[in-house]
Amino acid sequence: MMECIDLRSDTVTLPTPEMRAAMASAEVGDDVYGEDPTVNRLEALAAEKMGKEAGLFVPSGTMGNLAAVLAHCARGDEIIQGSKGHTFLFEAGGSAALGGVHSFLVPNQPDGSIRLEDIREAVRSEDEHEPVSRLVILENTHNRCGGTVLSKAYIDSVGDLAKELGLKLHIDGARIFNAAVALGIPAGELVRAADSVTFCLSKGLCAPVGSVLCGSKEFIARAHRMRKLLGGGMRQAGVLAAAGIVALETMIDRLAEDHARARRLAEELALVPGLEVDTLRPQSNMVYLHLADWVPLDAPQVYERMARLGVKVDAASRRGFRLVTHYYVDDEGIERTVGAFKQVLAEVGQVLPG
Ligand SMILES: *Cc1c(COP(=O)(O)O)cnc(C)c1O
């Protein structure tokens, strides 16, 4: 059986041999007592990379975002966030379910941004009938908008507006290093205007588990309490943090290769009869595409046939796919993916009448 090419997500990445070695030899202690030297080292390194005072190692990006919301907001407060945001769509409604925090949804523009006017208009009045506006969330890169990159100038302008309006700014930067590499600037500069930022170690950076939430010392002290409340206080977590340190030290710059392969994938898939590529010039590591109207299969059926050829893609909607490039997809993987799509669509093309 040939090896499978898995483009469903960059979360499928496995720890590298260097990470395994670092995990095996990691110095550990009880992190709930603050005594795990490897976790402490990861948190300091993450904070430095984000240009913030402190970091907090959490088991997932979802917990990082939720701990941030709980540290910024009280019950009855409101978040202004994009309608296509991960925090709204894909985090099980945690801010409402566990925080009693309401959401005001504003449209995400095709580039992943939220219009400044929309933020300004979303802010509530002092009237006691209304929730209290507290927090703005941006996502960078923006997953559902196609792995799009928000610029530093845009984030700075949202930061200025948030200050003017008395709001906090959180960035869901699950893939902030993809954004920084795409822009050619350090991540810390990109998120300077944010009060807090979460990023994932376990996606394109290939660590097995974990995210880091960063912000001011005082904010992280509150988030630390929220992590405990959420059951995310871990003990000898240094075995995981060790892989995260290798991720931050060695896996960031190479993300440019994933972006180049995503561009190549988009260009080549655009030439396959039956496919229509939505992200013709991907800005990071994601390609979104859909089936042409004439194709007599839907996305899950195409997924099944592709998987039999050893290529897994994410059927993101009834007729659409998301393909995510990462460390374990090389040039040959791109060729095989294009070949598998061609084969599946040629087969169904032949049975079409006329
Ligand atoms: C993956 C992801 C998260 C967090 O996901 P976890 O699976 O909980 O680590 C948050 N935001 C975005 C945009 C993501 O892609």
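That block above? That's the structure.
Bear in mind that the values here come from a model prediction, so they are computed numbers and not experimental data.

Parameters and conventions
- For every chain, the first residue of the written sequence is number 1, and numbering continues from 1 along that sequence.
- Only residues with pLDDT of 70 or above have their local features reported here, since the model is predicted, and side-chain atom pairs are shown and tallied only from 80 upward, although totals for entire chains, interfaces and linings are computed over all residues.
- Computation of side-chain values: all heavy atoms of the structure, hydrogens and water removed.
- Geometry of aromatic contacts follows a simple scheme: Phe, Tyr and Trp rings, the Trp one being its six-membered ring, pair when their centres are within 6.5 Å, and the pair is stacked under 30 degrees between planes, edge-to-face over 60, tilted otherwise.
- Runs of E in the DSSP output that reach at least two residues are strands. Runs of H or I that reach at least four are helices, and both are numbered from the N terminus.
- Each residue is assigned to one of three classes by its accessible area relative to the maximum for its type, calculated with a 1.4 Å probe on protein chains only: buried under 20%, partly exposed between the two thresholds, exposed over 50%.
- The span expected for a helix works out to 1.5 Å for each residue beyond the first.
- Nearness is judged by heavy atoms alone; a residue qualifies as near a molecule or strand once a single heavy atom is within 4 Å of it.
- Counting of polar contacts relies on pairs of N or O atoms within 3.5 Å, with two restrictions inside protein: one atom must be capable of donating a hydrogen and the other of accepting it, and residues adjacent in sequence are counted only when both atoms are side-chain atoms.
- Computed with the Shrake-Rupley method and a 1.4 Å probe, the accessible areas treat only the protein chains shown as cover for residues.
- Think of it as three bins: nonpolar holds Ala, Val, Leu, Ile, Met, Phe, Trp, Tyr, Cys and Pro, charged holds Asp, Glu, Lys and Arg, and polar takes everything else, Gly as well.
- Any two strands with at least two DSSP-identified bridges between them are counted as paired.
- Handedness is read with the strands pointing away from the viewer; a crossover is right-handed when the path from the first strand over the helix to the second is clockwise.
- What makes two residues a contact is simply this: any of their non-hydrogen atoms within 4.5 Å.
- What counts as an axis is a line fitted to C-alpha atoms, over the stretch in contact for a helix, and the angles between N-to-C directions run from 0 to 180 degrees.
- In this text, buried Ala, Val, Leu, Ile, Met, Phe, Trp, Tyr and Cys residues form a nonpolar core when linked through side-chain atoms within 4.5 Å.

*Asks:* What exactly am I supposed to notice about the packing of aromatic side chains here?
*Replies:* Aromatic ring pairs: the centre-centre distance and the angle between the two ring planes describe each pair. Counted under the stated rule, the structure contains three aromatic pairs. Each ring, one from Phe-177 and one from Phe-199, has its centre 5.2 Å from the other, and the planes form 80°; the classification is edge-to-face. In this pair, Phe-177 is assigned in helix 8 (residues 176–183) and Phe-199 in strand 7 (residues 196–200), connecting sequence segments 22 residues apart. Using a relative accessible area of 0% as the deciding quantity, one classes Phe-199 as buried.

*Asks:* Would you mind showing me how to read helix 3 (residues 61–72) here?
*Replies:* For an α-helix, the turn length of 3.6 residues means that residues three or four places apart are oriented alike. In this model helix 3 runs 16 Å from its N-terminal to its C-terminal C-alpha over 12 residues, within 8% of the 16 Å that 1.5 Å per residue would give. Most of helix 3 is tucked away: 11 of the 12 residues are buried. Gly-61, Met-63, Gly-64, Asn-65, Leu-66, Ala-67, Ala-68, Val-69, Leu-70, Ala-71 and His-72 are the residues of helix 3 that are buried.

*Asks:* It is not clear to me how the site of the ligand should be interpreted in this structure. Could you clarify?
*Replies:* The ligand sits among 13 residues. The nearest are Gly-61, Thr-62, Asp-172, Arg-175 and Lys-203. Arg-175 places a side-chain nitrogen or oxygen 2.9 Å from an oxygen atom of the ligand. Between the ligand and the protein, one listed contact pairs an oxygen atom with a side-chain N or O atom of Lys-203 at 2.7 Å. In the complex, the protein chains occlude 84% of the 380 Å² of accessible area that the ligand would expose alone. The biggest single contributor to the shell around the ligand is helix 3, with three residues. Grouping the amino acids of the shell around the ligand by side-chain chemistry returns two nonpolar, six polar and five charged.

*Asks:* How should I be thinking about the pairing of strand 6 (residues 168–172) in this particular structure?
*Replies:* Within a regular beta strand, the side chains point alternately toward one face of the sheet and then the other, so they alternate between its two faces. For strand 6, a buried count of four out of five residues is recorded, marking the element as mostly surrounded by other parts of the structure. Note that strand 5 (residues 132–139) and strand 6 share five bridges and pair parallel. In the strand pairing of strand 6, Glu-139 is matched with Asp-172. Handedness of the crossover joining strand 5 and strand 6 through helix 7 (residues 152–165): right-handed. The sheet contact formed by strand 6 and strand 7 spans three bridges and is parallel. Pairing of His-170 across the sheet is with Ser-196, part of strand 7.

*Asks:* What am I meant to see in the environment of Cys-73 here?
*Replies:* Tracing the backbone through its elements, the reader meets Cys-73 in the loop between helix 3 and strand 3 (77–82). Beyond its immediate sequence surroundings of up to four residues, Cys-73 is in contact with Ile-79, Val-101, Arg-134 and Leu-135.

*Asks:* In this structure, what is going on with the sheet that holds strand 3? I would like to understand it.
*Replies:* Paired through backbone hydrogen bonds, the strands of a sheet run either parallel or antiparallel to each other. Taking strand neighbours across the sheet as the criterion, the seven strands line up as 2-8-7-6-5-3-4 in an open arrangement whose pairing is mixed. Both edges of this open sheet fall to strand 2 (54–58) and strand 4 (102–106), since each of them pairs with a single strand only. On average, adjacent strands in this sheet sit at an angle of 20° to one another, irrespective of strand direction. Relative to strand 8 (residues 211–215), strand 7 is paired through five bridges, and the arrangement is antiparallel. Bridging from a neighbouring strand, Phe-199 pairs with Val-212 of strand 8.

*Asks:* Got a minute to help me understand the nonpolar core in this structure?
*Replies:* Inside soluble globular proteins, nonpolar side chains tend to come together where they are buried. Among the nonpolar cores identified, the biggest contains 54 residues, and Phe-57, Phe-177, Phe-199, Leu-201 and Leu-248 are the most heavily contacted of them. In terms of residue count, the dominant contributor to this core is helix 11 (residues 238–250) (seven residues). In this structure, Phe-177 is in contact with Lys-49, Met-50, Ala-187, Phe-199, Leu-205, Leu-248, Ile-252 and Leu-255, ignoring residues within four places of it in sequence. Counting residues in each nonpolar core, the second largest holds 31 residues, with Leu-7, Val-295, Phe-321 and Val-329 among its members.

Keep in mind these values describe shape, not function.
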